[in-house]
Amino acid sequence: MSDPIARMAWLVHELNRHNRLYHEANAPEITDLAYDALFRELQALEAAHPHDVIAESPTRSVGAGVVPELKPFVHERPMLSLQNGYHKAEPAWGGPWEDLIEWERGKPDPEKPGRLGGLRRHLGGEAPERITYMVEPKLDGLAIELVYENGAFVAGGTRGDGTVGEDVTHNLRTIQNLPKRLAGAPPGRITVRGEVLFDLAGFERMNAEREARGERRFENPRNSAAGTIRQLDSSQAKDRPLQFFAHSAGELPDPPSHHSELLAQFRAWGFTVSPLCQRCEGLDAAIQAVRDIEAARSNLAYEIDGAVVKVDDVAMQEQLGFVTRSPRWALAFKYLPAQVQTRLASVLFSVGRTGQVTPVAQLEPARVGGVTVRNASLHNEHQMVRILGLRVGDRVVIQRAGDVIPEVVAGVDEPGRLDRPLFAYPAVCPECQHPLVRALSDESRPEMVQIRCPNTFGCPAQVGGGLRHFASRLAMDIEGLGEKLVDQLVAAKLARKPSDLYALAARRAELVALDRFGETSAQNLLNAIEGSKQRPLERCLLALGVPMVGESTAKELARHFRSIDAILAADIPALDAVPNIALTTATAIRGFFDDSENRAEVAALQAAGVRFVPPSVPTGGALTGKTFVLTGTLPTLGRDQMKQKIEVAGGKVSGSVSKKTDFVVAGAEAGSKLDKAVELGVPVIDEAGMLAMIEGEGA
Ligand SMILES: [Zn+2]
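What counts, and where the lines are drawn
- Residues numbered from 1 in each chain as written.
- Predicted model: local features only at pLDDT ≥ 70, side-chain atom pairs only at ≥ 80, totals over all residues.
- Heavy atoms only, no water.
- Helix = DSSP H or I, 4+ residues; strand = E, 2+ residues; numbered from the N terminus.
- Rg over C-alpha atoms; globule rule 2.2 N^0.38 Å.
- Buried < 20%, exposed > 50% of the residue type's maximum accessible area, 1.4 Å probe, protein only.
- Contact = heavy atoms within 4.5 Å.
- Domains from an automatic or database assignment.
- Phe/Tyr/Trp six-rings, centres within 6.5 Å; stacked < 30°, edge-to-face > 60°.
- Lys NZ or Arg CZ within 6 Å of the ring centre and 35° of its normal.
- Donors = N, O, S within 2.8 Å, 3.2 Å for Na, K, Ca; no water.
- Tetrahedral: all angles 85-135°; square planar, octahedral: opposite > 155°, others 65-115°.
- Pairing = 2+ DSSP bridges.
- Salt bridge = Lys/Arg side-chain N within 4 Å of Asp/Glu carboxyl O.
- Axes fitted to C-alpha atoms, helices over the stretch in contact; angles between N-to-C directions.
- Parallel < 35°, antiparallel > 145°, perpendicular 65-115°, else oblique.
- Left-handed = near helix turned anticlockwise from the far one by under 90°.

Draft legend 1. Broad picture of the overall build of the protein chain. Along the protein chain, the regular secondary structure elements total 26 helices and 24 strands. Computed over the C-alpha atoms, the radius of gyration of the protein chain is 27 Å, within 12% of the 27 Å expected from 2.2 N^0.38 for a compact globule of 699 residues. With respect to the three principal axes, the spread of C-alpha positions in the protein chain is 80 × 80 × 55 Å. For the protein chain, the residues scored as buried account for 49% of the 699 residues in total. Sequence separation of at least 24 residues holds for 67% of the intrachain contacts in the protein chain that already meet a minimum separation of 6.

Draft legend 2. A look at unusual backbone geometry. Unlike most non-glycine residues, K493 shows phi in positive territory, near 55 degrees. For K493, a relative accessible area of 68% translates into the label exposed. Located in the positive-phi region is E669, a residue other than glycine, with phi close to 55 degrees. Mapped onto the elements, E669 comes out in the loop between β23 (663-666) and α25 (672-680).

Draft legend 3. Local environment of the domain arrangement of the protein chain. By the assigned domains, the protein chain splits into domain 1 (4-60), domain 2 (137-334), domain 3 (338-451), domain 4 (465-608) and domain 5 (627-694). Measuring from the centre of the C-alpha atoms in domain 4 to the corresponding centre in domain 5 gives 38 Å.

Draft legend 4. Inspection of the packing of aromatic side chains at higher detail. Considering all chains together, one arrives at 13 aromatic pairs under this definition. Taken together, a centroid distance of 5.6 Å and an interplanar angle of 90 degrees make the contact between Y148 and F271 edge-to-face. Linking Y148 in strand β4 (residues 142-149) with F271 in the loop between α9 (259-269) and β9 (278-281), this pair joins segments that are 123 residues apart in sequence. Here the two residues Y148 and F271 agree in accessibility, since each one is buried. Aromatic rings pair up to connect Y148, F153, F244, F266, W269 and F271 into one cluster. The cationic tip of R210 hangs over the ring face of F218; the distance from NZ or CZ to the ring centre is 4.0 Å.

Draft legend 5. A look at the coordination of the zinc ion. Looking at the metal site, the zinc ion is ligated by C429 (SG), C432 (SG), C453 (SG) and C459 (SG), spaced 2.2 to 2.4 Å from it. Around the zinc ion, the four donor atoms are arranged such that angles at the metal cover 98 to 114 degrees; this shape is classified as tetrahedral. Donor residues binding the zinc ion come from one chain and are separated in sequence as C-x2-C-x20-C-x5-C. Note that C429 is positioned in the loop between β18 (407-412) and β19 (437-439) and C459 in the loop between β20 (450-452) and α13 (460-471), a separation of 30 residues in sequence. Relative accessible area serves as the criterion here: at 0%, C459 is assigned to the buried category.

Draft legend 6. Inspection of the pairing of β4 at higher detail. Most of β4 sits inside the fold, with seven of its eight residues counted as buried. Where β4 meets strand β7 (residues 189-198), eight bridges bridge the pair, whose relative direction is antiparallel. Among the inter-strand pairings, L146 is bridged to a residue of β7, identified as V192. Strand direction decides the pairing type here: β4 and strand β5 (residues 152-158), joined by six bridges, are antiparallel. Across the sheet, residue Y148 finds its bridge partner in β5, namely F153.

Draft legend 7. Just the pattern of salt bridges, in detail. Evaluation of the coordinates by the stated rule reveals 27 salt bridges. Among the ionic pairs, E41 bridges to R7, the shortest N-O distance being 2.8 Å. A residue pair is termed long-range when its members are at least 10 positions apart, and E41 in helix α2 (residues 32-48) and R7 in helix α1 (residues 4-23) qualify at 34 residues. On the basis of relative accessible area, R7 is assigned to the buried category, the value being 14%. Two residues, R508 and E519, come together in a salt bridge whose shortest N-O distance is 3.0 Å. With R508 in helix α16 (residues 508-512) and E519 in helix α17 (residues 519-531), the pair connects residues that are eleven residues apart, well separated along the chain. Overall, R508 belongs to the partly exposed group, its relative accessible area being 28%. Connected via shared salt-bridge partners are D394, D413, R417 and R420.

Draft legend 8. A look at the packing of helix α18 (residues 537-544) against helix α19 (residues 551-561). Between α18 and α19, the shortest axis-to-axis distance is 8 Å and the interhelical angle comes to 130 degrees. By the angle between their directions, the pair α18 and α19 is classed as oblique. The chirality of how α18 crosses α19 is right-handed. On the side of α18, the interface is formed by L537, E538, L541 and L542, while α19 contributes E551, A554, K555, L557 and A558.

Draft legend 9. Expanded view of the sheet that holds strand β13 (residues 330-334). On the basis of which strands lie adjacent, the open sheet formed by five strands has the order β2-β13-β10-β3-β9 and mixed pairing. Of all the strands in the sheet, the pair left with one neighbour each is β2 (83-86) and β9. Strand-to-strand, the axes of this sheet are offset by a mean angle of 30 degrees, without reference to chain direction. With four bridges joining them, strand β3 (residues 132-139) and β9 adopt antiparallel strand pairing.

Draft legend 10. Expanded view of the pairing of strand β16 (residues 371-377). Across the seven residues of β16, five count as buried, placing the element largely inside the fold. Where strand β15 (residues 357-368) meets β16, six bridges bridge the pair, whose relative direction is antiparallel. Pairing of A361 across the sheet is with A376, part of β16.

Draft legend 11. Representation of α9 within the structure. Every buried residue belonging to α9 is among H259, S260, L262, L263, F266 and W269, and all of these are buried. For α9, the elements touching its buried residues are β3, β7, β8 (242-249), β9, β10 (304-311) and α11 (314-320). Among the residues trailing α9, G270 stands out with phi positive, at a value near 115 degrees.

Here it is in C-alpha cells:
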C-alpha cells in the first residue's frame, strides 16, 4: 500500500482489533513486539499527516473499555503507560542496549559531538554526572490500583483505559500476599499500584489438577490472571495462586523524595516488592542491572518481559515531566522473547466460529519461560507453507512472548529434512468435509488470504461455535448452555441456529431424553433461555456474531441507534457516522445484515420474543440530565477519557454547542465552540471544574 492515508486507516483498524482481542477476549493474535511495531508505524504516519489522524486511532487512548458487569473504577490520577525500549537483535550504533543509551543521552550525532540529548537535554547543566536509577523487573501481569483508607484495604480496580478501569475488589481480597491492613501507614487515603500475576509453580500445579479433573489446561499465566481477576464470582480467585507486587504510588499524603524510599516504605507497610529491584548509580550500572534481571529471568517464580528503569529522584522526575501520555523519566525495556527448540508432531486444522480454518502446531511438550507449551500458532497458510516451509517431524523454534499464544518462528535445518513432505492445507473442511474456499482481500498482501468453510449453518464447528458464542457470558449469558450441551443439541438436531434455542420449550420431551439430562436440568435450561429474551440490545448485537463487532462497537451501535430495526435500516454512511466505528467496520456490518439468512435469523429471534432491549439513559450519576461540549486541549486528560468520565457519571457529551448545552469544557486553543458558548451564554468551565463536578462537588 503506497497511499499513506489508506495505510493509516488499515493500521487503525488492525490495532483496534488487536486491542479488543487483547483486552476484551484475552486472546491476542500477535506479539507485543509486532503490535508495538504497527503502533509506531501509525504514530510516524500521524506525525507526518496530522490533519488526517483518524478519530478512533489507538494512539489517542491508552487501552480498552470496561466490561458492563463489573462496576467502573475511576482512577483519581490516570494510570499512564510507559515508553518502551527494546533489546536490539540488530543494533544500529550502540549495541543491544542502545534504546537505553538513547533514552538518557539521545542518539549520537557525529556532526555535533557535544550535543546533549535524551533526559540530559531536559535536565540541562544541572544533571549529575551519574543519574541514580531504580531498575525493576517488568512484571508480566495485570496492572492494578489498590485504595487504602486509614490503613485498611477498601477497593481495587484494573487499569482499563488508564482513566476508568473495572472494580475487582472482591477478587483482590482473595490474594494472600495483598495486605488487607497496612502496618503503620499514615491516616487518610493512599493508592498503591502494582501487578497481579500467577506464581508459575502454582500455575503448573493448577494445570495438572485441572487435567486430572478432565478440564482444559490454561495456556498462559497472564491471560489466566486477567480472566480470574475479572470473574464476577470470587470463588475461583480464592483457589488460584495469584500474588500482588507493588511498584508505584498513585496518591500519597507525604510522598518520599526518592522512588527507592517509596519501595522501602511499601515493604514496611507489608507489600511484596520484587527483590530484584536495584538502585544504580549511573547508566552503566543500570544497564548491568537490566542484564542481571534478564539472566535471572528463566529461574524466576513469576513471568517478566523486561526491566523498568526509573529516575530515582522525585524532584528530577518532576523536572523531566511527560512525553504525550507517558512519564519521560521511566523506560520499560523489553527483552527478546524466550525461545526454545522442540519437535513438530503434527498440524491440527481448527475451524473457528466464522468458518476460518487456521493451522495449530502440535508439539512435543517443551518448557518455555517456566510454562509447558504443547500447541503453538502457525497463524495462516502463508506463514506455515511459504515462510516456514514446515515438514512432518521438523525440529522447530518456538517463541513465547508473555501474553501471546506461543508461535513457531522457524524450522531447523537437519540432514534429510528436504526429503520429507511439506505440510499442506486440506482441500476440504476437517469438520464437515465441505470444500474450502479462499478469499484474498488484498492482492498485494498474500498473508491476508482467508481460507474458510462456507457451510455456515451445516458445519458442526460453526454451528456449535456460533451457538456457544451466542450463549456466552458477555453475549446472551444463557447459564448451563456450555460446550458439551451445545454439542449434544447439535448432534440431536435440536438446534442449528440461535433462534432454534427459543423453540426448545416446545420440544421438551426430546430435551429430557438427552444423555445425562433430566427434568430439572431441562427446566433450568429453558428458564435460562427464557430469561435471555430480556438482554440489552448491545449484548444481542454481540451475540449475533456480526464480523468486527466486539463489545465496545456493539455498545456504540446500541447507544447511537437505540433499536435493532434502526440498525437493520442503517446504510453504510449512517453506520460510519457512529463514533469509533471505521468505514471498514461499517461495511462489514452492512454486509452481515444484507445477507438474507442473517436477516431471517434476526426476524426469527424477534418472533420468538427476544426483545433487543434498547439502552436506558443512565441515572443516579452526578451529571444525570446534563449535556456537555468539549473543546480545545485539556491539560491532563484526553478528550475520549474526559468523555468517558462524564458518561460514567451519567452526563451526555455532544459535538456542537446549542442552547441545550449545559456546560462547555474548554482547554487550550479552544476554537469556535468557545465563541459560540459565550454568544449563547452557556457557562464555560475548565478541566479542574469538570472533574470537581464529576465528583459531585460543583454545580
Ligand atoms: Zn465445515
